[in-house]
Amino acid sequence: MRQFIIDQGDGRTAETQDRYRQVADDLARFLATVDVAPWLGVEMAAYLERQREHLGRDALLTSLGLMSLIRVLPAFVAAPWLPSVMAQRRTHRAAVRALMTFLRLRASLEDCFRREDFRVIDKALGTAYSSDYTQPLTVQTGTVSCTVTLDLVEHLVDRLLEEVTDGRHDTLDQAVAARLNPVQVTVWREPGYGGYDW
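These lines cover the structure that appears in this document, whether it is placed above or below. Residues take numbers from 1 onward in each chain, read along the sequence in its written order. The predicted origin of the model limits local features to residues at a pLDDT of at least 70 and limits the giving and counting of side-chain atom pairs to 80 or more, whereas totals for whole chains, interfaces and linings rest on all residues. The basis for every side-chain value is the complete set of non-hydrogen atoms in the structure, without hydrogens or water.

**A word on the nonpolar core**
Step number 1: Take the buried residues of types Ala, Val, Leu, Ile, Met, Phe, Trp, Tyr and Cys, join any two whose side-chain atoms come within 4.5 Å, and each joined set is a nonpolar core. Only protein chains enter the area calculation, which uses a 1.4 Å probe; residues under 20% of their type maximum are buried, those over 50% are exposed, and those in between are partly exposed. Ranked by size, the top nonpolar core spans 37 residues in total, and within it Ile5, Leu27, Phe30, Val36, Leu60, Leu103 and Ile121 carry the most contacts.
Step number 2: Counting from the N terminus, the helices are DSSP H or I runs at least four residues long and the strands are E runs at least two residues long. Elements with a minimum of two residues in this core: helix 1 (2-7), helix 2 (14-33), helix 4 (42-55), helix 5 (59-72), helix 6 (86-109) and helix 7 (115-134).
Step number 3: When residues in this core are grouped by element, the largest group, 7 residues, is from helix 5.
Step number 4: If we ignore the near neighbours within four places in the chain, the residues touching Ile121 are Ile70, Leu73, Pro74, Val96 and Met100. Whether two residues touch is decided by their heavy atoms; if any such pair falls within 4.5 Å, the residues are in contact.

Given below as C-alpha cells:
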C-alpha cells in the first residue's frame, strides 16, 4: 500500500511527489500506532497490542486482516492524522480516495467487500473536506502569519463526496453515475417567446 500511494505522485511535480511520500509515511505510522478500539472493540484492540509486540508495524494487517484495516481507515482522515497545511491536506485526501479504489479491488478479490465500510470512509472524507470551510487554517512562514479560508470547491471528487455527505446519493459510485448519466431536461417555451406574435 505504501508503494501504491507513492506511485500516485508519478508524473507530477517534485513537491507533489514529496507530499505523496509524506502520506505514505503517515499511513505507515497510522497502521503501526492507531487505537482500533473505537472501530473494532476493546478486545480486538488488546489483541492487536499483543501482536504488535511480536509482529511490529505490520501487525494490524497481518493479524487482523484487510477488513479490519478498511474499518479503521476513516480515522486516518480525521485529527490528528489529517494535515493542517492545505496542500498536504488535499494530497492526503486524494491519496485516501485512490487507496479506497485499491482496497475495493482487494476486498472484492478476497471476498470480504462490504459496501457499508466504504460508505463510512466516504463520509469521513466528506467531513474532512467540509472542515476546510468551517475552520480557517493558520499558516506561518518566517515572521509573516495569515489566516486563509477557502470558499471554492476545487475538485469534482470533493463535490461528489459532498453530495454523498449531504444525502443526495448513498454512495460515491451513485454520485459518479448521476454525473455520467444526467437527467435530461425538457425546455418548454411560452407562445410569443423570442419576439413572435401569436
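**A look at the environment of Gln22**
Step number 1: Topologically, Gln22 is positioned in helix 2.
Step number 2: As a C-alpha pair, Gln22 and Gln88 span 66 residues in sequence and 8.4 Å in three-dimensional space.
Step number 3: Setting aside residues up to four positions removed in sequence, Gln22 forms contacts with Arg29 and Gln88.

**Describing helix 5**
Step number 1: Here the expected span of a helix is defined as 1.5 Å times the quantity of residues minus one. For helix 5, spanning 14 residues, the distance from its first C-alpha to its last is only 14 Å, which falls clearly below the expected 20 Å at 1.5 Å a residue.
Step number 2: Along helix 5, the helix axis deviates most sharply at Gly65, where the bend reaches about 125 degrees. To get the bend at a residue, fit one axis to the 7 residues ending there and another to the 7 starting there, then take the angle between the axes.

**Some details on the environment of Ser63**
Step number 1: Residue position: Ser63 is located in helix 5.
Step number 2: Note: C-alpha distance between Ser63 and Tyr47 (16 residues apart in sequence) is 8.9 Å.
Step number 3: Ser63 has contacts with Tyr47, Leu48, Gln51 and Leu55, leaving out every residue within four places of it along the chain.
Step number 4: Only 2.5 Å separates the side chain of Ser63 from the backbone oxygen of Ala59, close enough to count as a polar contact. By the criterion applied in these results, polar contacts are pairs of N or O atoms within 3.5 Å in which, for protein atoms, one can donate a hydrogen and the other can accept it, and in which residues neighboring in sequence qualify only through two side-chain atoms.

**Let's talk about the environment of Met100**
Step number 1: Mapped onto the elements of the fold, Met100 is located in helix 6.
Step number 2: In this structure Met100 comes out as buried when scored by relative accessible area, which is 2%.
Step number 3: Once the C-alpha coordinates of Met100 and Ile121 are considered, the two residues, 21 residues apart in sequence, prove to be 8.2 Å apart.
Step number 4: Ignoring any residue separated from it by four or fewer positions in sequence, one finds Met100 in contact with Phe118, Ile121, Asp122 and Leu125.

**Section: the packing of aromatic side chains**
Step number 1: In this analysis, rings of Phe, Tyr and Trp, with Trp reduced to its six-membered ring, are considered paired at centre separations within 6.5 Å, and the interplanar angle assigns stacked below 30 degrees, edge-to-face beyond 60, and tilted for intermediate values. Within this structure, the stated rule accounts for 5 aromatic pairs.
Step number 2: For the ring pair Phe113 and Phe118, a centre distance of 5.3 Å and an interplane angle of 20 degrees mean the geometry is stacked.
Step number 3: For Phe113, a relative accessible area of 31% translates into the label partly exposed.
Step number 4: Here Phe118 falls in the buried class, since its relative accessible area comes to 2%.

**What about the pattern of salt bridges?**
Step number 1: What counts as a salt bridge is simple: a side-chain nitrogen of Lys or Arg found within 4 Å of a carboxyl oxygen of Asp or Glu. The full count for this structure, using the stated rule, is 8 salt bridges.
Step number 2: Among the salt bridges present, the one from Asp117 reaches Arg71, with a minimum N-O distance of 3.3 Å. Taken as a pair, Asp117 in helix 7 and Arg71 in helix 5 lie far apart in primary sequence, 46 residues in all.
Step number 3: The exposure class of Asp117 is buried, given its relative accessible area of 9%.
Step number 4: Note that Arg114 is salt-bridged to Asp117, the shortest N-O span being 2.7 Å.
Step number 5: The exposure class assigned to Arg114 is partly exposed, which follows from its relative accessible area of 34%.
Step number 6: Linked through salt bridges whose partners overlap, the residues forming this network are Arg71, Arg114 and Asp117.

**Quick look at the packing of helix 5 against helix 6**
Step number 1: Running from N to C, helix 5 and helix 6 point in directions that differ by 145 degrees, and their axes come no closer than 11 Å. In the packing of helix 5 onto helix 6, the handedness of the crossing is left-handed. Contacts between helix 5 and helix 6 pair Leu66, Leu69 and Ile70 from the former with Leu103, Arg106 and Ala107 from the latter. Axis angles are defined between N-to-C directions and span 0 to 180 degrees, where every axis is a line fitted to C-alpha atoms and, for a helix, only to the segment in contact. Note: crossing handedness is left-handed where the near helix turns anticlockwise from the far helix by less than a right angle, and right-handed where it turns clockwise.

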